[in-house]
There are 2 protein chains.
Amino acid sequence: MSKLLSPKEMRLRFRENKDVISTSGLCDGYLQANMIILPAEYAFEFLLFCHRNPIPCPIVDVIEQGEGSPSIADADIRTDIPKYRIYKNGELVDEVLDIKAYWRDDFVTFLLGCSFTFEKALNEAGISLLHQEMNKVVPMYQTNIKCRNAGRFHGSMVVSMRAIKKDLVEQVIAITEKFPHAHGGPVHIGDPSKIGINDLSMPDYGEFTPFSTEEMVPVFWACGVTPQYVGLQVKPSIMITHAPGYMLITDRKED
Amino acid sequence: MSKLLSPKEMRLRFRENKDVISTSGLCDGYLQANMIILPAEYAFEFLLFCHRNPIPCPIVDVIEQGEGSPSIADADIRTDIPKYRIYKNGELVDEVLDIKAYWRDDFVTFLLGCSFTFEKALNEAGISLLHQEMNKVVPMYQTNIKCRNAGRFHGSMVVSMRAIKKDLVEQVIAITEKFPHAHGGPVHIGDPSKIGINDLSMPDYGEFTPFSTEEMVPVFWACGVTPQYVGLQVKPSIMITHAPGYMLITDRKED
């Protein structure tokens, strides 16, 4: 039933904790966003990091200091995401359904594009994805692809991997390149060792599904986990994110 | 003779004050950039303003707090621009050949794309521009086109105007759209009153050259003066810019 609700209706259910579910597949056609909240003292350096690394960190909105509502959704960022993670000094300390108890007036909120957008475009072109078929979280890996530094923020790119049938790779590239605000085209195709991944079957995040290397090739995209991973290296006094898969559903159409 | 010097050689002449000249037409093929320096306390809001208004404010580089060298030029930002302007509390207080006496460790430097890039592309397509033929500064106007606010930074867009022969307008649009880091395609074509300009012959900056409205149509582009104009409205304790027409010549090729 939730599938038929509007973004506003769905967010209200999250606000009232009537649903605590992954947003994958919800509110078909509407942009979903990664969220990172940092105190103002980190805001310039983090924004610059995103500006310098737009493929892993495609900013779709910034909510200024102390404000709670984005421009791309009639939402309250403190309550309208189904689940949040609280990190202090780089360590996960809490997982909560709203962040009212943690909210501070010096918080700046960053919303970033996510790969749900291009996955849907691939599905619509008739291209199925293994992790969806298996109902798993897409596998993600830390790589040796260096991001451009900005102040205290530095580190390597995190990528997601999708195995694609060899004769579909060209089409998959063309489709995903159309979504620069959702990580765009692949950053690597083929040999994982070329980007510092030793064992595809051991992702750093998410779950691996075996595939036939005769028929399929691993394709890697920049991943929205990158800014979270890089953010945590800085060990900020506090950093708040959405829980993985529990995104902000915006009022903006994907196209 | 200066026309044949490399960017590095030209910048060294500026550093040693051997030349104090407009950079228009110098170091053919190399990107030139607008420069704005602000204290760190304004940096997040100004970067966000540029991010939200990429057409008038196309960032090509940011030099972090206290650093003096950009990534796009082997340059010292304090000496290698031919002429600088110093503003305090929104008022012009000095025009100088280097800023060593004003330099502070909390300064952040923003470099932005400039319309020299697309003017050159138009020239190469055989399209001449009136202000170049008359050796004048392109006319610029404040408009009623609102920029998106960011913190204390808010205001309207400044545009530059070039009169274009009617049968060339389509071609001019196509060429300038290829340069998103140099303001991209026009923001308006035709009636100046539609964007809040009452009298084309009275520009707010630069110089007007009369043209035949039978043969030509006024075409308006977002202008790099916008961030300076908006910046000054905030009346920052100090803000430093290049003097108009005296840009930073970078080591980056325009294409």
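Since this is a predicted model, take the numbers as computed values, not measurements. Numbering of residues starts from 1 in every chain and runs along the sequence as written. As they are written, the chains are lettered A onward and the ligands numbered 1 onward, keeping that order. Whole-chain, interface and lining totals are the exception, using all residues; otherwise, since this is a predicted model, local features are given only for residues with pLDDT of at least 70 and side-chain atom pairs are given and counted only at 80 or more. As a convention, hydrogens and water are excluded, and side-chain values are obtained from all of the structure's heavy atoms.

### Describing the pairing of strand S1 (residues 30–39) of chain B
Residue and element names in this part refer to chain B.
Next, step 1: Here S1 lies mainly inside the structure; nine of its ten residues are buried.
Next, step 2: The criterion for strand pairing is that DSSP finds at least two bridges linking the strands in question. A run of H or I in DSSP counts as a helix once it spans at least four residues, and a run of E counts as a strand once it spans at least two, with each numbered from the N terminus. Bridge count between S1 and strand S11 (residues 248–253): three bridges; the pairing is antiparallel. Bridge pairing links Tyr 30 to Lys 253 in S11.
Next, step 3: Judged from the seven bridges that link them, S1 and strand S5 (residues 107–113) form a sheet pairing that is antiparallel. Considered in S5, the bridge of Ala 33 is made with Gly 113.
Next, step 4: Two elements, S1 and strand S10 (residues 239–242), share two bridges in a ladder whose sense is antiparallel. Counted as the bridge partner of Ile 37 is Ile 240 from S10. Burial classes: relative accessible area under 20% of the type maximum marks a residue as buried, over 50% as exposed, and values in between as partly exposed (1.4 Å probe, protein chains only).

### Side note on the side chain of Gln228(B)
All names here are of chain B.
Next, step 1: Tracing the backbone through its elements, the reader meets Gln 228 in helix H6 (residues 225–233).
Next, step 2: Look at Gln 228 and you get buried, because its relative accessible area is 11%.
Next, step 3: Setting aside chain neighbours within four positions, we find Gln 228 in contact with Ile 36, Met 239, Thr 241 and His 242. A contact between two residues is defined here by any heavy atoms of the two lying within 4.5 Å.

### Observations regarding helix H3 (residues 116–124) of chain A
All names here are of chain A.
Next, step 1: Residues of H3 that are buried include every one of Thr 117, Phe 118, Glu 119, Ala 121 and Leu 122, and no others.
Next, step 2: If you follow the buried residues of H3, they end up packed against strand S1 (30–39), helix H4 (130–133), strand S7 (156–165), helix H5 (169–176) and strand S9 (216–222).
Next, step 3: One or two steps after H3, the chain reaches Gly 126, where phi turns positive at roughly 85°.

### Some thoughts on the interface of chain A and chain B
Next, step 1: Across the contact, 17 residues belong to chain A and 17 residues belong to chain B.
Next, step 2: For any pair of parts, buried area is found by adding up, for both, the accessible area (1.4 Å probe) each one loses once the two are put together. The contact between chain A and chain B buries some 1,300 Å² in all, and 61% of this surface belongs to carbon and sulfur atoms.
Next, step 3: The largest per-residue losses of area from chain A upon contact with chain B belong to Phe44(A), Leu47(A) and Glu64(A), which jointly make up 44% of the total buried on that side.
Next, step 4: Counted as salt bridges are all cases of a side-chain nitrogen of Lys or Arg within 4 Å of a carboxyl oxygen of Asp or Glu. Linking chain A with chain B are two salt bridges.
Next, step 5: The shortest N-O distance in the salt bridge between Arg52(B) and Glu64(A) comes to 2.8 Å.
Next, step 6: Contributing elements (two or more residues each) for the side of chain A that touches chain B: helix H2 (43–52), strand S2 (59–63) and strand S5 (107–113) of chain A.
Next, step 7: Counting residues per element, the side of chain A that touches chain B draws most heavily on H2(A), at six residues.
Next, step 8: Taken together, the residues that form the side of chain A that touches chain B break down as nine nonpolar, four polar and four charged. Any residue that is not Ala, Val, Leu, Ile, Met, Phe, Trp, Tyr, Cys, Pro, Asp, Glu, Lys or Arg is counted as polar, Gly included; the first ten are nonpolar and the last four charged.

### Some words on the nonpolar core
Next, step 1: By convention a nonpolar core is built from buried Ala, Val, Leu, Ile, Met, Phe, Trp, Tyr and Cys residues, the set being connected through side-chain atoms within 4.5 Å. If you look at the biggest cluster of nonpolar residues, it comprises 81 residues, and the most contacted ones within it are Phe44(A), Phe110(A), Phe44(B) and Phe110(B).
Next, step 2: Sequence-distant contacts of Phe44(B), defined by excluding residues within four places in its chain, comprise Ala43(A), Phe44(A), Leu47(A), Val62(A), Val108(A) and Phe110(A).

### Thoughts on the environment of Glu9(A)
Next, step 1: One can find Glu9(A) in helix H1 (residues 7–15).
Next, step 2: Residues Glu9(A) and Cys27(A), 18 residues apart in the sequence, show an inter-C-alpha distance of 9.7 Å.

### Things to note about the sheet that holds S7(A)
Residues and elements named next belong to chain A.
Next, step 1: On the basis of which strands lie adjacent, the open sheet formed by four strands has the order S6-S7-S9-S8 and antiparallel pairing. Because the sheet does not close on itself, it has two edges, and the strands there are strand S6 (140–146) and strand S8 (188–189).
Next, step 2: Two strands pair when backbone bridges link them, and S7 and S9 are joined in this way by seven bridges, in the antiparallel orientation. Its bridge partner lying in S9, Ser 160 is registered against Trp 221.
Next, step 3: Note on geometry: axes are C-alpha line fits, over the in-contact stretch for helices, and angles between N-to-C directions span 0 to 180 degrees. Along the sheet, helix H6 (residues 225–233) contacts S6 and S7; its crossing angle with S7, the most-contacted strand, is approximately 155°.

### A look at the sheet that holds strand S9 (residues 216–222) of chain B
Residue and element names in this part refer to chain B.
Next, step 1: Taken in spatial order, the four strands of this open sheet run S6-S7-S9-S8, and their pairing is antiparallel. In this open sheet, the two strands that pair with only one neighbour each are strand S6 (140–146) and strand S8 (188–189).
Next, step 2: Pairing of S6 with strand S7 (residues 156–165) involves four bridges; the strand directions are antiparallel. By the bridge assignment for S7, Met 140 is matched with Ser 160.
Next, step 3: The strands touched by H6 within the sheet are S6 and S7, with S7 carrying the most contacts at an inclination of about 155°.

### Let's talk about the packing of aromatic side chains
Next, step 1: Pairs were defined over the aromatic rings of Phe, Tyr and Trp, the Trp ring being its six-membered one, requiring ring centres within 6.5 Å. Orientation was assigned from the angle between planes: stacked under 30 degrees, edge-to-face over 60, tilted for the rest. Counted under the stated rule, the structure contains 14 aromatic pairs over all chains.
Next, step 2: Here Phe46(B) and Phe110(B) contribute two aromatic rings whose centre-to-centre distance is 4.8 Å and whose plane-to-plane angle is 65°, an arrangement assigned as edge-to-face. Placement of the pair is Phe46(B) in helix H2 (residues 43–52) and Phe110(B) in strand S5, with a sequence separation of 64 residues. For the pair Phe46(B) and Phe110(B), one class covers both residues: buried.
Next, step 3: Look at Phe46(B) and Phe153(B): their rings are 5.4 Å apart centre to centre, the planes differ by 65°, and that puts the pair in the edge-to-face class. Of this pair, Phe46(B) sits in helix H2 while Phe153(B) sits in the loop between S6 and S7, and the two are 107 residues apart along the sequence.
Next, step 4: Clustering of aromatic rings is evident, with ring pairs tying together Phe44(A), Phe46(B), Phe110(B) and Phe153(B).
Next, step 5: Over the aromatic face of Tyr30(A) sits the side chain of Lys253(A), whose NZ or CZ is 4.5 Å from the ring centroid.
Next, step 6: Of note, Arg78(B) hangs over the ring of Trp103(B), and the distance from its end group to the ring centre comes to 4.9 Å. Look at NZ for Lys and CZ for Arg. If either is within 6 Å of the ring centre and within 35 degrees of the ring normal, a charge sits over the ring.

### Overview of the packing of H2(A) against H2(B)
Two numbers describe a pair of packed helices, the interaxial angle and the distance between the axes.
Next, step 1: Packing of H2(A) against H2(B) leaves a shortest axis separation of 8 Å and a crossing angle of 30°. The orientation of H2(A) with respect to H2(B), classified from their angle, is roughly parallel. Here H2(A) runs over H2(B); the crossing is left-handed. The segment H2(A) lies against H2(B), with Ala43(A), Phe44(A), Leu47(A) and Leu48(A) engaging Ala43(B), Phe44(B), Leu47(B) and Leu48(B).
Next, step 2: Across the contact of H2(A) with H2(B), the residue classes tally to eight nonpolar, no polar and no charged. Here roughly perpendicular refers to angles of 65 to 115 degrees, roughly parallel to angles under 35, roughly antiparallel to angles over 145, and oblique to all remaining angles. What makes a crossing left-handed is the near helix being turned counterclockwise from the far one by less than a right angle; a clockwise turn instead makes it right-handed.

### A closer look at the domain arrangement of chain A
Residues and elements named next belong to chain A.
Next, step 1: As assigned here, chain A comprises domain 1 (2–115 + 230–253) and domain 2 (117–227).
Next, step 2: Start and end points for every domain follow an automatic or database-based domain assignment. Summarising the inter-unit geometry, the C-alpha centres of domain 1 and domain 2 are found 22 Å apart.
Next, step 3: Contacts between the two partners involve 28 residues from domain 1, matched on the other side by 26 residues from domain 2.
Next, step 4: A buried area of about 2,300 Å², summed over both sides, lies between domain 1 and domain 2, and 59% of it is on carbon and sulfur atoms.
Next, step 5: Applying the counting rule to domain 1 against domain 2 returns two salt bridges.
Next, step 6: Residues Arg 152 and Glu 45 are paired through a salt bridge, measuring 3.0 Å at the closest nitrogen-oxygen approach.
Next, step 7: For the purposes of these results, a polar contact is taken to be a pair of N or O atoms within 3.5 Å, where, inside protein, one atom must be able to donate a hydrogen and its partner to accept one; residues adjacent in sequence count only when each atom of the pair is a side-chain atom. Between domain 1 and domain 2 we count twelve residue pairs in polar contact (both at pLDDT 80 or more) in total.

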